[in-house]
Amino acid sequence: MSNPEPRAVVLGCAGATLTGWERGFFREADPLGFILFQRNCENPQQVRALIAALRDAVGRADAPVLIDQEGGRVARLKPPHWRRYPAAAKLAGLGGARALEAVKLCARLIADDLFRLGISIDCAPVLDVSSPGADDIIGDRAYGSAPEEVARLGRAACEGLLEGGILPVIKHIPGHGRAGVDSHKALPRVTADRATLERTDFAPFRALAAMPWAMTAHVLYEALDAGLPATLSPKVIRETIRGTIGFDGVLISDDLSMQALGGPLEVRARDALAAGCDLALHCNGERPEIEAVVAGTGPVSPEARRRLARAETFRRAPPSWDRAAAERRFNELVSDEAACTAATS
């Protein structure tokens, strides 16, 4: 029997269809939602069927389905069935009003791709501010090194997604741009003082603090909490993310299987929720890891439920629009057929 409230976790699955074990486990565990990766996305018909099966497993037709579809290196939907989109830095490089229009239109086109599949949330845009000497894990995924410009273009991306019926997830709060190592592989430690962080890294998130969802950074900020990364730090979440930045939307952890975090996955999940994350995220679809993460989570909290309900007030059905005209305008703006090739089927 399902929990009275869904479990405070978002899970991945292993492949393009659900296994018998996955169906049964998801039915019993009742995760709030799911996240898709390239391994789960072969063609539109298959993706729609997989999403229907995931929602059927938990008995909720509105269970959130997330994906990381940023453009550039981070795109789970790829040609030939879906369009290839440029990285954030490439769009930002167009400059001025042209960049702003291109970012918004890119997000609107991505939203159309996702909406047609039944995906409800995109883990984008990246609001991290580029910093000299940082690891390339963010790199061209960022809109640049000027906080005001990152905020301006990030807002345009959010608006494009929302106009297409998709909720954005601003990431990686409170800022991953200074990370000197890839948090998939090790824990980044940021030594910048708090005043510098507030002036730069935090600024885009503060400007977009009203957005519905955000994803944490697996980064340790010595000026904020010398012992714990943001995802696991009650102090960082309470004082910085909820306090200084003022974000009161749904806060989801970054993937708990990343090597920036230590200890058993069950403990990681428990500690992320105890620190103040509303939802734990696990992505790789591996059975032992899924079981461990689920063991460390419980039902969605009342505060998380309130934030989830507030997030849904952002959702609206997209109006009818001319996709072909939007494609033509986007091509005019980017003027780079090699980087922006339309899907062939």
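Right above here is the structure, for reference.
Residues numbered from 1 in each chain as written. Predicted model: local features only at pLDDT ≥ 70, side-chain atom pairs only at ≥ 80, totals over all residues. Heavy atoms only, no water.

K.L.:
Sorry if this is basic, but what is going on with helix 5 (residues 147–163) here?
P.N.:
Counted at 1.5 Å a residue, the expected span for helix 5 with its 17 residues is 24 Å, and the 24 Å between its end C-alpha atoms agrees. Within helix 5, the full set of buried residues consists of Pro147, Val150, Ala151, Leu153, Gly154, Ala156, Ala157, Cys158, Gly160, Leu161 and Leu162. The elements touched by buried residues of helix 5 are helix 3 (88–92), helix 4 (96–117), strand 6 (121–122), strand 7 (167–173), helix 6 (194–199) and helix 7 (203–207). (Helix = DSSP H or I, 4+ residues; strand = E, 2+ residues; numbered from the N terminus. Expected span 1.5 Å × (residues − 1). Buried < 20%, exposed > 50% of the residue type's maximum accessible area, 1.4 Å probe, protein only. Contact = heavy atoms within 4.5 Å.)

K.L.:
Quick question: what am I supposed to make of the side chain of Asn40 here?
P.N.:
Within the secondary structure, Asn40 sits in the loop between strand 2 (31–36) and helix 2 (44–58). Reaching out from Asn40, the side chain makes a polar contact with the backbone oxygen of Gly15 at a distance of 2.8 Å. The residues contacting Asn40, other than those within four sequence positions of it, are Cys13, Ala14, Gly15, Ala16, Ile35, Gln46, Val47 and Leu50. (Polar contact = N/O pair within 3.5 Å; in protein donor to acceptor, adjacent residues only side chain to side chain.)

K.L.:
Even after reading the chapter, I still don't get the sheet that holds strand 2, so can you show me in this structure?
P.N.:
Each strand in a sheet pairs with its neighbour through backbone hydrogen bonds, running either in the same direction (parallel) or in the opposite one (antiparallel). Taken together, eight strands build a closed barrel; the order of strands is 1-2-3-6-7-9-11-12 and the barrel is parallel. Strand contacts of helix 2: strand 2 and strand 3 (65–67), with the helix running at about 165 degrees to strand 2, the strand carrying the most contacts. (Pairing = 2+ DSSP bridges. Axes fitted to C-alpha atoms, helices over the stretch in contact; angles between N-to-C directions.)

K.L.:
Looking at this structure, I do not really get the nonpolar core. What am I missing?
P.N.:
Core analysis: the largest hydrophobic core is formed by 110 residues, its most contacted members being Phe26, Leu36, Ile170, Trp213, Ile252, Leu279 and Phe330. No other element matches helix 4, which puts eleven residues into this core. Setting aside residues no more than four positions away along its own chain, Phe26 makes contact with Leu11, Gly12, Cys13, Leu18, Pro31, Phe34, Leu54, Ala57 and Val58. (Core = buried A, V, L, I, M, F, W, Y, C linked by side-chain atoms within 4.5 Å.)

K.L.:
Honestly, the side chain of Arg323 in this entry has me stumped. Any pointers?
P.N.:
As for its position among the elements, Arg323 is in helix 12 (residues 323–334). Within polar-contact distance, the side chain of Arg323 engages the side chain of Asp112 at 2.9 Å. Within the structure, Arg323 has its side chain in polar contact with the side chain of Asp113 (distance 2.9 Å). With near-sequence residues (within four places) excluded, Arg323 lies in contact with Tyr85, Leu109, Asp112, Asp113 and Arg116.

K.L.:
What is the right way to look at the packing of aromatic side chains in this model?
P.N.:
Pairs of aromatic rings are described using the distance from one ring centre to the other and the angle between the two planes. Scanning the model with the defined rule gives four aromatic pairs in all. Their ring planes at 65 degrees and their centres at 6.5 Å tell us that Phe25 and Phe26 sit as a pair that is edge-to-face. Side by side, Phe25 and Phe26 carry an identical accessibility label, which is buried. Put simply, the rings of Trp21, Phe25, Phe26 and Phe34 touch in pairs and so form one group of aromatic residues. Positioned above the aromatic ring of Trp321 is the side chain of Arg108, whose terminal nitrogen or guanidinium carbon lies 3.9 Å from the ring centre. (Phe/Tyr/Trp six-rings, centres within 6.5 Å; stacked < 30°, edge-to-face > 60°. Lys NZ or Arg CZ within 6 Å of the ring centre and 35° of its normal.)

K.L.:
What exactly am I supposed to notice about the pairing of strand 1 (residues 7–11) here?
P.N.:
Side-chain direction in a regular strand flips from residue to residue, so the side chains alternate between the two faces of the sheet. Most of strand 1 is tucked away, with five of its five residues classed as buried. Sheet topology note: the strand 1/strand 2 ladder contains three bridges and is parallel. Its bridge partner lying in strand 2, Val10 is registered against Gly33. For the handedness criterion, the β-α-β arrangement of strand 1, helix 1 (residues 20–29) and strand 2 is classed as right-handed. (Right-handed = clockwise from strand over helix to strand, strands pointing away.)

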